[in-house]
Amino acid sequence: MLDVGKWPIFSLCSEEELQLIRQACVFGSAGNEVLYTTVNDEIFVLGTNCCGCLGLGDVQSTIEPRRLESLNGKKIACLSYGSGPHIVLATTEGEVFTWGHNAYSQLGNGTTNHGLVPCHISTNLSNKQVTEVACGSYHSLVLTSDGEVFAWGYNNSGQVGSGSTANQLIPRRVTGCLQNKVVVNIACGQMCSMAVVNTGEVYVWGYNGNGQLGLGSSGNQPTPCRIAALQGIRVQRVACGYAHTLVLTDEGQVYAWGANSYGQLGTGNKSNQSYPAPVVVEKDSSCCRQPSPCPTPDFPSAARCSRIIEIAACHSAHTSAAKTQGGHVYMWGQCRGQSVTLPHLTHFSCTDDVFACFATPAVSWRLLSVEPDDHLTVAESLKREFDNPNTADLKFLVDGKYIYAHKVLLKIRCEHFRSSLEDNEDDIVEMSEFSYPVYRAFLEYLYTDSISLSPEEAVGLLDLATFYRENRLKKLCQQTIKQGICEENAIALLSAAVKYDAQDLEEFCFRFCINHLTVVTQTSGFAEMDHDLLKNFISKASRVGAFKN
């Protein structure tokens, strides 16, 4: 299960708030802003609110979650963000909303004014259902249900795909080579754009100074161009880092190209690559066949490796990640300041964790989805069954009240019950030696490994633990008593420690009484103190110099 608490920004939320989260996106220049939805379909935002990117109608930062009222009733299908930052969000009904930084018209609302509240973008999209969104640093892409791509925003390198370098103020369909194609996936790097079509081809446009378009050159591309080097390879997904690109093929192989100063291509070196290069994420000769050689003569074939089912990159980072069919998660590139040039096996269960713990900044590469965890561990299941009359096969009658338990668990957990219940066919056991609160706490301890009692009640449980020779329970009782000692009960607790031969507890209570001697000697407990205990207390106190003054 995804743990959103791994992102530092979520440390501002309470444990109760975290339990309600179902979707989340962490963004911002330092991972210092977040938008999340709850189980009740409410949308909350939190963070520094640069350029109004929280959509609250102001630019005030907030250290506490605030409800995004303007999107009340909307359900989020997908979300992306830029460097300003600006936000592009698509609802489950296919509507598009944008807000935040807008100096380059990346909001698509026809202006260059920052958007302080979400704005519904309908120009050229009014009859379209948007299914995917992607943001570069200052430009935006959306993909519609009929496979069309629309772009707007900053266009200094052709990243909008219009054929010019003029900024695009409103959504405009990207045509050219994509005119009669059905696009199934889109992605943006810092200043470049990518699209995968249903035939498995990849089309690219925009900035190419580091070879991130994979065309074998470093010239910018103002309109979509097919990556010829991937001829014969069917691509399913594309992911873009700041200036590098990853693709995943239908055979579960990964190819990478572009900037490589941090090893983000995973090729074992730091040299930029302008053609797609195979990435060996996890060698496994037992589960993969050798792929067919690439028809391009100078293009190396991918090595034998485990099947990859997911790739991850983010336009604000130089980090790459991938997940294998076997559930292994690998990372490479810039990882907490280190340059990792080959895929490194992590202990994570999802690629999202790589970006939470190792990316700079700690942002999310996609809209996070948190599934409710209905699975109960063995320990949680046992806790739930304590005192459950529907499943119990034994009940204890204490002070006229029943406590329900399970014979097999009691015999597993306690030596006393292992012998006393061995040949016992009874389903009711009467208990008169201990009080109901004490005996119930004892049985609950056998199910939970913990106790929750007042110090005075813990004394009774200490008696039981001593009687049943439950040494761990005895220690827990002593801890509870130590944590709850005060001047009023100190003598009573000292007396109990002496009675049950709890030497460590006795010493602790004695020291407490000496440190608070004036108040303790004025309590009713001291006045009613057992004669022998009083005699020993005065003698021991004298030896440590308690009465010098």
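Quick caveat: nothing in here was measured; it's all calculated off a predicted structure.

Caption draft 1: Inspection of the sheet that holds strand 16 (residues 221–226) at higher detail. Strand order across the open sheet formed by four strands is 13-14-15-16, with antiparallel pairing between neighbours. Looking at the sheet topology across the chains shown, the edges are occupied by strand 13 (183–188) and strand 16. For this sheet, the mean inter-axis angle between neighbouring strands, taken without regard to orientation, is 15 degrees. In this structure, strand 14 (residues 192–197) lies alongside strand 15 (residues 202–206), joined through five bridges in antiparallel fashion. Its bridge partner being in strand 15, methionine 194 is matched across the sheet by valine 204.

Caption draft 2: Structural context of the UniProt feature "repeat: RCC" (unreviewed entry) in the protein. Here, UniProt's "repeat: RCC" (unreviewed entry) annotation points to residues 94–146, 147–199, 200–251 and 252–325. Taken end to end, residues 147–199 is 0% helix and 43% strand, and its two terminal C-alpha atoms sit 12 Å from one another.

Caption draft 3: A negative patch on the surface, seen in detail. A surface patch of negative charge is lined by Asp393, Glu422, Asp423, Glu425, Asp426 and Asp427. The partly exposed category is assigned to aspartate 427, whose relative accessible area is 47%.

Caption draft 4: Highlighting the pairing of strand 26 (residues 394–398). Covered by surrounding structure in strand 26 are Leu394, Phe396 and Val398 only, the residues Lys395 and Leu397 on the alternate face being uncovered. Hairpin connection, strand 26 to strand 27 (residues 401–405): the antiparallel pair is bridged by two residues, and aspartate 399 has positive phi, about 50 degrees. Across four bridges, the pairing between strand 26 and strand 28 (residues 428–431) is parallel. Looking at the pairing, phenylalanine 396 lines up with valine 429 of strand 28.

Caption draft 5: Geometry of the pattern of salt bridges. This structure, assessed with the given rule, holds 20 salt bridges. Linking aspartate 387 and arginine 440 is a salt bridge whose minimum nitrogen-to-oxygen distance equals 3.0 Å. Placement of aspartate 387 in the loop between helix 3 (378–385) and strand 26 and of arginine 440 in helix 6 (residues 436–448) is noted, with a sequence separation of 53 residues between them. Connected via shared salt-bridge partners are Lys128, Asp146, Glu148 and Arg173.

Caption draft 6: Spatial organisation of a nonpolar patch on the surface. A contiguous nonpolar surface patch, about 220 Å² in accessible area, is contributed by Val59, Leu116 and Val117. One can find leucine 116 in strand 8 (residues 115–120). The class for leucine 116 is partly exposed, based on a relative accessible area of 32%.

Caption draft 7: Up close: the packing of aromatic side chains. Within the structure shown, the criterion is met by 21 aromatic pairs. Look at tyrosine 104 and tyrosine 154: their rings are 4.2 Å apart centre to centre, the planes differ by 40 degrees, and that puts the pair in the tilted class. With tyrosine 104 in the loop between strand 7 (96–100) and strand 8 and tyrosine 154 in the loop between strand 11 (149–153) and strand 12 (168–173), this residue pair connects regions lying 50 residues apart in the sequence. A centroid spacing of 5.5 Å and a plane angle of 55 degrees characterise the contact between phenylalanine 396 and tyrosine 439, whose relative ring orientation is tilted. Within this pair, whereas phenylalanine 396 is found in strand 26, its partner tyrosine 439 is found in helix 6, the two being separated by 43 residues in sequence. Residues phenylalanine 396 and tyrosine 439 agree in their burial class; the two are buried. Through a chain of ring-to-ring contacts, three or more aromatic side chains come together here, namely Phe396, Phe417, Phe434, Tyr439, Phe442, Phe467 and Tyr468. The cationic tip of lysine 395 hangs over the ring face of tyrosine 402; the distance from NZ or CZ to the ring centre is 4.5 Å. When the ring centre of tyrosine 436 is taken as reference, the NZ or CZ atom of lysine 401 above it lies at 4.1 Å.

Cut-offs used in this document
Residues numbered from 1 in each chain as written. Predicted model: local features only at pLDDT ≥ 70, side-chain atom pairs only at ≥ 80, totals over all residues. Heavy atoms only, no water. Pairing = 2+ DSSP bridges. Helix = DSSP H or I, 4+ residues; strand = E, 2+ residues; numbered from the N terminus. Axes fitted to C-alpha atoms, helices over the stretch in contact; angles between N-to-C directions. UniProt positions renumbered as here; feature names shortened; annotations may be inferred. Patch = residues over 30% accessible without salt bridge, like charges linked within 9 Å, V, L, I, M, F, W, Y side chains within 5 Å. Areas by Shrake-Rupley, 256 points an atom, 1.4 Å probe, with all protein chains shown as cover. Salt bridge = Lys/Arg side-chain N within 4 Å of Asp/Glu carboxyl O. Lys, Arg positive; Asp, Glu negative; His and termini not counted. Charge placed at Lys NZ, Arg CZ, Asp CG, Glu CD. Buried < 20%, exposed > 50% of the residue type's maximum accessible area, 1.4 Å probe, protein only. Phe/Tyr/Trp six-rings, centres within 6.5 Å; stacked < 30°, edge-to-face > 60°. Lys NZ or Arg CZ within 6 Å of the ring centre and 35° of its normal.

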